[in-house]
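# Residue-level structure breakdown
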Amino acid sequence: MKLPRPASVLLATTLLLSAALVGCGGSSSKTASEPTASPASASATATVAAATSTSTAAPTTAPAVAPTNTPAPAPAAPAPTSTPVPPPPAAPAPTTLSVSIVDFAFSPTSLSARVGQTVMVNVRNTGAAPHSFTIDGGIDSGILNPGQSAALSMTPSQAAILRFYCKVHGAATMSGQIAVTP
Ligand SMILES: [Cu+2]
């Protein structure tokens, strides 16, 4: 008899509480639903407005920058093209050619140079007779007596075979050439 009492009390209490909860839940939900709806819609509107303003600003800036960045890689291509062009023409470093004059010949008789290259020609008469190192229209040592030397300079402007000779003894007897290549 003692045990059933608490059990019935618990059951009764549980029923009452559940009934109260249902009643309260039903009434409170109806009452609170109206005031809650307003703030909810307001916040929803604010969220939409913010999203709209954000989305509007983003697309405007993005497209403007994107097209500019896309063509940018193109300029990188012209750079390699312009780099190789200038160096080759100005490349030839100055050179010095040494020519000895004997009786009756030049040594060596065949020399070479590059277009646009600064060419120093050192001529020395090691023979017993006077000679000259002469390129018509070009450099000319004039008469060099035995033991005399001359330092001449020229810069060939085009490819050619430059013939040098001795004005004293003539090209038929004493001559040589400088081959100028591009
Ligand atoms: Cu000569």
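Above: the structure in question.
What comes next is a walk through the structure. Here the structure is a predicted model, which means the values were calculated and not measured.

### Things to note about the sheet that holds strand 5 (residues 149-154)
- In spatial order, the strands read 2-1-4-5; together these 4 strands make up an open sheet with mixed pairing. Single-partner strands in this sheet number two, and they are strand 2 (105-107) and strand 5. Strand-to-strand, the axes of this sheet are offset by a mean angle of 25°, without reference to chain direction.

### A word on unusual backbone geometry
- In this structure, the amide linkage connecting aspartate 103 to the following residue, phenylalanine 104, adopts the cis form with an omega of 0°.
- Checked against the element boundaries, phenylalanine 104 lands in the loop between strand 1 (95-102) and strand 2.
- Look at the link from serine 107 to proline 108: it is a cis peptide, with omega at 0°.

### Observations regarding the sheet that holds strand 3 (residues 110-114)
- The mixed open sheet is built from 3 strands, whose spatial order is 3-7-6. Since the sheet does not close on itself, it has two edges, and those belong to strand 3 and strand 6 (160-165), each with one partner. Ignoring strand direction, the axes of neighbouring strands in this sheet form an average angle of 25°.
- Note: strand 3 against strand 7 (residues 175-181), 5 bridges, orientation parallel. Looking across to strand 7, one finds that serine 112 is bridged to alanine 179.

### Considerations on the pairing of strand 7
- By the alternation rule, side chains of strand 7 split into Gly176, Ile178 and Val180, which are all buried, and Ser175, Gln177, Ala179 and Thr181, of which none is buried.
- Here 6 bridges tie strand 6 to strand 7, and the two strands are oriented antiparallel to one another. Paired with arginine 163 across the strands is glutamine 177, a residue of strand 7.

The rules behind the values
- Numbers given to residues run from 1 along each chain, matching the order in which its sequence is written.
- With the structure being a predicted model, the display of local features is reserved for residues of pLDDT at least 70 and the display and counting of side-chain atom pairs for 80 or more, all residues being used for whole-chain, interface and lining totals.
- Strand pairing follows a simple DSSP-based rule, namely that at least 2 bridges must link the two strands.
- Counting from the N terminus, the helices are the DSSP runs of H or I reaching at least four residues and the strands are the DSSP runs of E reaching at least two.
- Lines fitted to C-alpha atoms define the axes here, with helix axes fitted over just the stretch in contact, and angles between the N-to-C directions of these axes take values from 0 to 180 degrees.
- Here the C-beta atoms are placed from the backbone, and a residue counts as buried if at least 20 other C-beta atoms lie within 10 Å of its own, exposed if 12 or fewer do, and partly exposed otherwise.

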